[in-house]
Amino acid sequence: MNTVDRLSVLKTYKLYVGGKFPRSESGRVYEVTDSKGTWLANAPLASRKDARDAVVAARKAFGGWSGATAYNRGQILYRVAEMLEGRRDQFTAEVAAAEGLSKAKAAAQVDAAIDRWVWYAGWSDKVAQIAGSANPVAGPYFNLSSPEPTGVVAVLAPQDSSFLGLVSVIAPAIVTGNTVVVAAAESTPLPALSLAEVLATSDLPGGVVNILSGRTAELGAPLAAHQDVNALDLAGADAELATELEKAAADNLKRVLRPAAVNWTADPGTSRLLGFLETKTVWHPMGV
């Protein structure tokens, strides 16, 4: 019996917007290669219209997600970690190809990313303890400050860490109740697009995380200028692009987190966790 070579079934990557997997409305794609220049896949080249659609989806999801209990949000992030654990081999292969790492080093990156989901899940019902307070005031009042999510956050994912860095910017934004529109790393978007499949089959409501692939500058411009985007995380922008987007963001007073050199494997601390929170202070008479 002759052995017949079979053609492999190539994966079609799509955007992730509002819990669904559309192709770019522009119909465009671009080639994604590994660290040696070998073709891996065609990724959708998202347009300005795709970015606007993603913002609409994020805004629609914001009310339900920010209104969920902190405990529930933590459970959902933990569920994402559970599902990633089951697809560890797939993500290890994708990270290895994207970043030119050995299988062992890629596996370490994936393990760290899974652990980071768990770490941020644990913060969901604790962040109020470090970001809120009962304030001493001179008068018969209760004066309480509590953190609330900023709203829709546009995130330019790190260019140097296709999966661990990606998780490190998404998880802290959503665990506190924000919704996000993410522009994946331009040259290594495949781990991000695969993460979308995990998010879609977890308990995460559609629209909480929206993932676009394409040119970072092309997607960053409409997101920075969008009047319904409340904050920007510029982790994946170079200095020149960051300055340009920061100027555009000033039009509606967006919160902006400037890019900085980050060791994504290090303890993330709480800076990103607190970066997209507002503080609400309430005065209430004691009744005495």
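Reading the values: rules and limits
- Residues numbered from 1 in each chain as written.
- Predicted model: local features only at pLDDT ≥ 70, side-chain atom pairs only at ≥ 80, totals over all residues.
- Heavy atoms only, no water.
- Helix = DSSP H or I, 4+ residues; strand = E, 2+ residues; numbered from the N terminus.
- Rg over C-alpha atoms; globule rule 2.2 N^0.38 Å.
- Buried < 20%, exposed > 50% of the residue type's maximum accessible area, 1.4 Å probe, protein only.
- Contact = heavy atoms within 4.5 Å.
- Areas by Shrake-Rupley, 256 points an atom, 1.4 Å probe, with all protein chains shown as cover.
- Pairing = 2+ DSSP bridges.
- Axes fitted to C-alpha atoms, helices over the stretch in contact; angles between N-to-C directions.
- Salt bridge = Lys/Arg side-chain N within 4 Å of Asp/Glu carboxyl O.
- Left-handed = near helix turned anticlockwise from the far one by under 90°.
- Nonpolar A, V, L, I, M, F, W, Y, C, P; charged D, E, K, R; others polar.
- Patch = residues over 30% accessible without salt bridge, like charges linked within 9 Å, V, L, I, M, F, W, Y side chains within 5 Å.
- Polar contact = N/O pair within 3.5 Å; in protein donor to acceptor, adjacent residues only side chain to side chain.
- Phe/Tyr/Trp six-rings, centres within 6.5 Å; stacked < 30°, edge-to-face > 60°.
- Lys NZ or Arg CZ within 6 Å of the ring centre and 35° of its normal.

Side note on the overall build of the chain
Along its length, the chain carries ten helices and ten strands. Relative to the globule expectation of 19 Å for 288 residues, the C-alpha radius of gyration of the chain, 20 Å, shows essentially globular dimensions. In terms of principal-axis extent, the alpha carbons of the chain reach across some 95 × 40 × 35 Å. Looking at the chain as a whole, 48% of its 288 residues qualify as buried. Intrachain contacts of the chain at a sequence separation of at least 6 include 76% that bridge at least 24 residues. Of the accessible surface of the chain, which amounts to about 13600 Å², a share of 54% is contributed by carbon and sulfur atoms.

Quick look at the sheet that holds strand β10 (residues 277–285)
Reading across from one edge, β3-β4-β10 is the order of the three strands in this open sheet, with antiparallel pairing throughout. At either end of the open sheet lies a strand with only one pairing partner, and these are β3 (133–134) and β10. As judged from the nine bridges shared by strand β4 (residues 141–149) and β10, these two strands associate in the antiparallel manner. Its bridge partner lying in β10, Y141 is registered against P285.

As for the sheet that holds strand β9 (residues 255–257)
Sheet architecture is open: five strands sit in the order β7-β6-β5-β8-β9, paired in parallel fashion. On the outer flanks of this sheet lie β7 (209–212) and β9, each paired with one strand and no other. When strand polarity is set aside, the average angle formed by the axes of neighbouring strands in this sheet is 15°. Taken together, the four bridges between strand β6 (residues 179–183) and β7 define a ladder with parallel strand orientation. Directly across from V180, in β7, lies its bridge partner V209. Seen against the sheet, helix α1 (residues 48–67) touches β5 (152–156), β6 and β7 and runs at an angle of roughly 155° to β6. Across the sheet, helix α6 (residues 164–175) is in contact with β5, β6, β7 and β8 (231–233); its angle to β6 comes to roughly 160°.

Some thoughts on the pattern of salt bridges
By the definition in use, this model includes 13 salt bridges. In this structure, D125 engages K126 in a salt bridge whose closest nitrogen and oxygen atoms are separated by 3.1 Å. One salt bridge connects R258 with E246, and the closest N-O pair in it is separated by 2.9 Å. Separated by twelve residues along the polypeptide, R258 in the loop between β9 and α10 (271–275) and E246 in helix α9 (residues 239–249) bring together distant segments of the chain. The exposure class of E246 is partly exposed, given its relative accessible area of 32%. Because the salt bridges share partners, they merge into one network encompassing K11, R87 and E197.

Some remarks on the packing of helix α3 (residues 88–99) against helix α4 (residues 103–123)
Helix packing geometry: the angle between the two helix axes and the distance between the axes. Where α3 contacts α4, the two axes come as close as 8 Å, and the packing angle between them is 120°. Considering only the axes of α3 and α4, their crossing is right-handed. Here α3 contributes R88, F91, T92, V95, A96 and E99 to the contact with α4, which in turn contributes K103, A106, A107, Q109, V110 and D111. Of the residues that constitute the contact of α3 with α4, the class distribution is six nonpolar, two polar and four charged.

Observations regarding a nonpolar patch on the surface
Judged by side-chain polarity, F142, L144 and M286 come together as a nonpolar surface patch covering roughly 280 Å² of accessible area. Positionally, L144 belongs in strand β4. Given a relative accessible area of 45%, L144 falls into the partly exposed group.

Some thoughts on the side chain of N143
Along the chain, N143 falls in strand β4. Side chain to side chain, N143 and N135 meet in a polar contact 2.6 Å long. If near-sequence neighbours (up to four positions away) are discounted, N143 is found in contact with S133, A134, N135, V137, T281, V282 and W283.

Regarding the packing of aromatic side chains
To describe a pair of aromatic rings, you give the distance between the ring centres and the angle between the ring planes. Evaluated as defined, the whole model comprises five aromatic pairs. Relative to F21, the ring of Y16 lies with its centre 5.0 Å away and its plane at 35°, an arrangement referred to as tilted. Here F21 falls in the partly exposed class, since its relative accessible area comes to 34%. Among the aromatic side chains, those forming a connected cluster through ring pairs are W119, Y120 and W123. Between R59 and the ring centre of F62, over which it is positioned, the NZ or CZ distance is 5.6 Å.

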